[in-house]
Amino acid sequence: MQSAEARRWLAGQLAAAGIDEADYESCLLLKAVGVSALDLRTAPHQQLRPEQREQLSHWLKRRQQREPLQYILGEAWFYGLRLQVSPAVLIPRPETEELVEKALPHLPPGARVADIGTGSGAIALALAAQRPDLTVYATDISADALAQARANAEALGLNIQFLSGDTLEPLRPYAPFEALISNPPYIPQQNIAGLAPEVRDFEPQLALTPGPDALHFYRCFAAEAAAYLRLGGQLWLELEAPLAQQTAALFNAPLWHELQLLRDLSGHWRFLTARSGPAS
Ligand code: SAM
Ligand code: GLN
């Protein structure tokens, strides 16, 4: 089979499996076997080698089962960084890049910052890459996720202090921080069944939903995170848009002030920021 034919075949099969970006994904699959977009234009009649064809049909079968392309290829991009992703970690989302972008300008020089529930390490690694002056800590309750995050830090040559444990607990010996940042599990359990198969059937439940109480992590942050922050330190959270007002209502004086909800690029209330301590 020639490379241009392979592209049409892949795109057709992917579209028939209900995949929206079939054309784009067919190009990514070809690129992963060494046929770039430029090759497709300049040498469309190039014959694929048997092992390239085999690899492509193996990947196609997995993608037709709606396994996310990022797990199949083992990589995802976040804030310009190439991250390895296994099924132990959430595939980092574009909204979370917005969280990093919003927080960055507010982090004081030399700040000590912690990312809670780091997954692939996305937030912590982006902060460390953008701001070598920061000291970055990252936690997760999943040993497999932490192993993946550590491997990513090593591959990128970034220095993160990884800690294992439940929510804020592992940060106790290192407090106080200038900022805490988190994209915790927040999808209400009853919404899981209605999610895209890529998310519902392949991403870790532990990363998606906190269980019966959708606000579990926000209650915990509202009650306890101020004790882990310097007075006036900042909390930056991603949240479930339909629960934004309920989430914000948890963050009250005197523990919190300067509370703000922020929208994502789709216009949804997606982030919360607040400062610890009473207003000065
Ligand atoms: N920060 C990553 C990102 O934005 O791509 C991953 C976010 S994912 C929504 C939530 C992460 O929290 C998962 O990696 C999960 O393993 C972790 N997690 C779940 N329960 C936790 C807990 N009780 N304590 C710490 N981490 C937890
Ligand atoms: N925002 C992700 C999604 O919609 C879930 C991430 C999370 O629960 N924090 O699939």
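Conventions used here
- Residues numbered from 1 in each chain as written.
- Chains lettered and ligands numbered in written order.
- Predicted model: local features only at pLDDT ≥ 70, side-chain atom pairs only at ≥ 80, totals over all residues.
- Heavy atoms only, no water.
- Near = heavy atom within 4 Å.
- Polar contact = N/O pair within 3.5 Å; in protein donor to acceptor, adjacent residues only side chain to side chain.
- Areas by Shrake-Rupley, 256 points an atom, 1.4 Å probe, with all protein chains shown as cover.
- Nonpolar A, V, L, I, M, F, W, Y, C, P; charged D, E, K, R; others polar.
- Pairing = 2+ DSSP bridges.
- Helix = DSSP H or I, 4+ residues; strand = E, 2+ residues; numbered from the N terminus.
- Axes fitted to C-alpha atoms, helices over the stretch in contact; angles between N-to-C directions.
- Contact = heavy atoms within 4.5 Å.
- Phe/Tyr/Trp six-rings, centres within 6.5 Å; stacked < 30°, edge-to-face > 60°.
- Buried < 20%, exposed > 50% of the residue type's maximum accessible area, 1.4 Å probe, protein only.
- Lys NZ or Arg CZ within 6 Å of the ring centre and 35° of its normal.
- Parallel < 35°, antiparallel > 145°, perpendicular 65-115°, else oblique.
- Left-handed = near helix turned anticlockwise from the far one by under 90°.

Attention shifts here to the site of ligand 2. Close to ligand 2 lie Arg93, Asn183, Pro184, Pro185, Tyr186, Ile187, Ala207, Leu208 and Glu238. Within the side chain of Arg93, an N or O atom sits 2.8 Å from an oxygen atom of ligand 2. Contact distances for ligand 2 include 2.9 Å between a nitrogen atom and a side-chain N or O atom of Tyr186. Protein contacts shield 86% of the accessible area of ligand 2, which totals 300 Å² for the unbound molecule. Grouping the amino acids of the shell around ligand 2 by side-chain chemistry returns six nonpolar, one polar and two charged.

Now for the sheet that holds strand β3 (residues 112-116). Reading across the sheet, the seven strands line up as β5-β4-β3-β6-β7-β9-β8 and stay open at both edges, with mixed pairing between neighbours. Two strands in the sheet have a free side with no partner beyond their single neighbour: β5 (160-164) and β8 (256-263). The sheet shows a mean angle of 15 degrees between the axes of neighbouring strands, direction not considered. Note that strand β6 (residues 177-182) and strand β7 (residues 229-238) share five bridges and pair parallel. Bridge pairing links Leu180 to Leu235 in β7. Docked against the sheet, helix α6 (residues 94-103) engages β6, β7, β8 and β9 (269-276), running at close to 155 degrees with respect to β7.

Tallied over the entire structure, the rule returns four aromatic pairs. Here Phe251 and Trp256 contribute two aromatic rings whose centre-to-centre distance is 5.6 Å and whose plane-to-plane angle is 65 degrees, an arrangement assigned as edge-to-face. Given the relative accessible area of 4%, Phe251 is considered buried. Look at Trp256 and you get buried, because its relative accessible area is 3%. Through successive ring pairs, a cluster of aromatic residues spans Tyr137, Tyr174 and Phe177. One cation-aromatic arrangement involves Arg112 over Phe177; the distance from NZ or CZ to the ring centre is 5.2 Å. Between the NZ or CZ atom of Arg263 and the centre of the ring of Trp269, over which it lies, the distance is 4.0 Å.

Below, the discussion takes up unusual backbone geometry. Along the chain, Ala175 connects to Pro176 via a cis peptide bond; the corresponding omega equals 5 degrees. Position of Pro176 among the secondary structure elements: in the loop between β5 and β6. Not every positive phi belongs to a glycine, and Tyr79 is a case in point at roughly 50 degrees. Here Glu258, not a glycine, exhibits a phi torsion of approximately 50 degrees, which is positive.

Moving on, we come to the site of ligand 1. Around ligand 1, a shell composed of 18 residues is seen, among which Gly117, Asp140, Asp166, Thr167 and Asn183 lie nearest. Between a nitrogen atom of ligand 1 and a main-chain N or O atom of Thr167, the distance comes to 2.8 Å. Considered on its own, ligand 1 offers 590 Å² of accessible surface; in the complex 96% of this is hidden by protein. Residues belonging to the shell around ligand 1 are distributed by class as follows: eight nonpolar, eight polar and two charged.

Helix packing geometry: the angle between the two helix axes and the distance between the axes. The N-to-C vectors of α6 and helix α7 (residues 122-130) enclose an angle of 40 degrees; their axes lie 10 Å apart at closest approach. The angle between α6 and α7 places the two elements in the oblique class. In this structure, α6 crosses over α7, and the sense of that crossing is right-handed. Residue-level inspection shows Thr96, Leu99 and Val100 of α6 in contact with α7, the latter providing Ile123, Ala126 and Leu127.

For helix α11 (residues 216-224), every residue scored as buried is listed here: Phe217, Tyr218, Cys220, Phe221 and Ala222. Structurally, α11 contributes buried residues whose contacts are with β3, β6, β7, α12 (244-248) and β8.

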